[in-house]
Amino acid sequence: MDEEFVTEPPAAPSGAAAVFGDRMPTAHCFVEILADTGVSHGLIGPREVPRLWERHVLNCAVIEDAFPEDAKLIDVGSGAGLPGVALAIARLDLDVHLVEPMQRRTEWLTHTVADLGLENVTVHRGRAEEFVGVLSAPFVTARAVARIGKLARWCVPLLSGPGTLVAMKGRSAHEELESDRRELTKMGLVDASVNEHGATVLEEPTLTLDLAFTPKVRPSKKSKRH
Ligand SMILES: C[S@@+](CC[C@H](N)C(=O)[O-])C[C@H]1O[C@@H](n2cnc3c(N)ncnc32)[C@H](O)[C@@H]1O
């Protein structure tokens, strides 16, 4: 017998209004789209519908405090727009670029961004590695894409000079940082911290691994002679 899933979008938790403010109607629409075409197009599992707010939309939006006003950011491996679309809804000042290789997903993202009327989001189809020298920003973010070492290899070349990779990680954040630290240092890591977000609005706060890089610039032949 087929398993039955809840398809009705869940009610918003009380803390959502504190994060989205007057953007709550748009956040509601995003949750409705995720519960509807997000599931039917295979971008989000049907079991996730009852926890779309706590585990996905609100969980992602709370990391907005990692970004200064008017920041440009690239969300690598955006999938169903997480965290990029949730951030763009919560913060209209952010200039958000979604990078996603799967055509089915970028088509869904393009429709969703248009339906939500988000003018601060641009959708790019391709792997992060294909955008080196094409797209750059002082912040790159990602959730559930790869372990931190591999993720940094894809994301650090997208930083426009000194910048920060804000990687959403679960409890593995500290372990991943320590086991991949040598590789990260070789890439120009200058500072690393694990930060908690949304402690007042989520039962389980969101953790980000925030890695500041000054990408290494090779000295030119001319400057080597001096
Ligand atoms: C597990 S999904 C996570 C999606 C979304 N970030 C989330 O948290 O729901 C991983 C996503 O990363 C994308 N991806 C995999 N390799 C990538 C790469 N090299 N560059 C950009 N995106 C990639 C996949 O297509 C997929 O959509």
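Residues numbered from 1 in each chain as written. Predicted model: local features only at pLDDT ≥ 70, side-chain atom pairs only at ≥ 80, totals over all residues. Heavy atoms only, no water.

As annotated in an unreviewed UniProt entry, the protein chain carries the name Ribosomal RNA small subunit methyltransferase G and comes from Knoellia subterranea KCTC 19937. Per UniProt, the comment on the protein chain under Subcellular location (unreviewed entry) is "Cytoplasm". Entered under Function (unreviewed entry) in the UniProt record, the comment concerning the protein chain runs "Specifically methylates the N7 position of a guanine in 16S rRNA." (UniProt positions renumbered as here; feature names shortened; annotations may be inferred.)

*Asks:* Explain the site of the ligand to me, please; I cannot follow it from the model alone.
*Replies:* Around the ligand, a shell composed of 16 residues is seen, among which G77, L82, E100, R105 and R143 lie nearest. Here a nitrogen atom of the ligand sits 2.7 Å away from a polar atom, N or O, in the main chain of L82. Burial of the ligand by the protein chains amounts to 80% of its free accessible area of 600 Å². Looking at the shell around the ligand residue by residue, the classes come out as 8 nonpolar, 3 polar and 5 charged. (Near = heavy atom within 4 Å. Polar contact = N/O pair within 3.5 Å; in protein donor to acceptor, adjacent residues only side chain to side chain. Areas by Shrake-Rupley, 256 points an atom, 1.4 Å probe, with all protein chains shown as cover. Nonpolar A, V, L, I, M, F, W, Y, C, P; charged D, E, K, R; others polar.)

*Asks:* Which parts of the structure should I look at to understand the nonpolar core?
*Replies:* If you look at soluble globular proteins, the nonpolar side chains tend to sit buried side by side. If you look at the biggest cluster of nonpolar residues, it comprises 46 residues, and the most contacted ones within it are F20, F30, F67 and V85. Of all elements in the fold, only α1 (16-20), α2 (24-40), α3 (52-61), α4 (84-90), β2 (95-100), α5 (103-115) and β5 (159-169) reach the threshold of two or more residues within this core. Counting residues per element, this core draws most heavily on α2, at 7 residues. Contacts of V85, omitting those with residues within four sequence positions, involve F30, L98, L109, V113, L116 and L118. Membership of the second largest hydrophobic core comes to 27 residues, among which are V76, F131, L165 and F213. (Core = buried A, V, L, I, M, F, W, Y, C linked by side-chain atoms within 4.5 Å. Buried < 20%, exposed > 50% of the residue type's maximum accessible area, 1.4 Å probe, protein only. Helix = DSSP H or I, 4+ residues; strand = E, 2+ residues; numbered from the N terminus. Contact = heavy atoms within 4.5 Å.)

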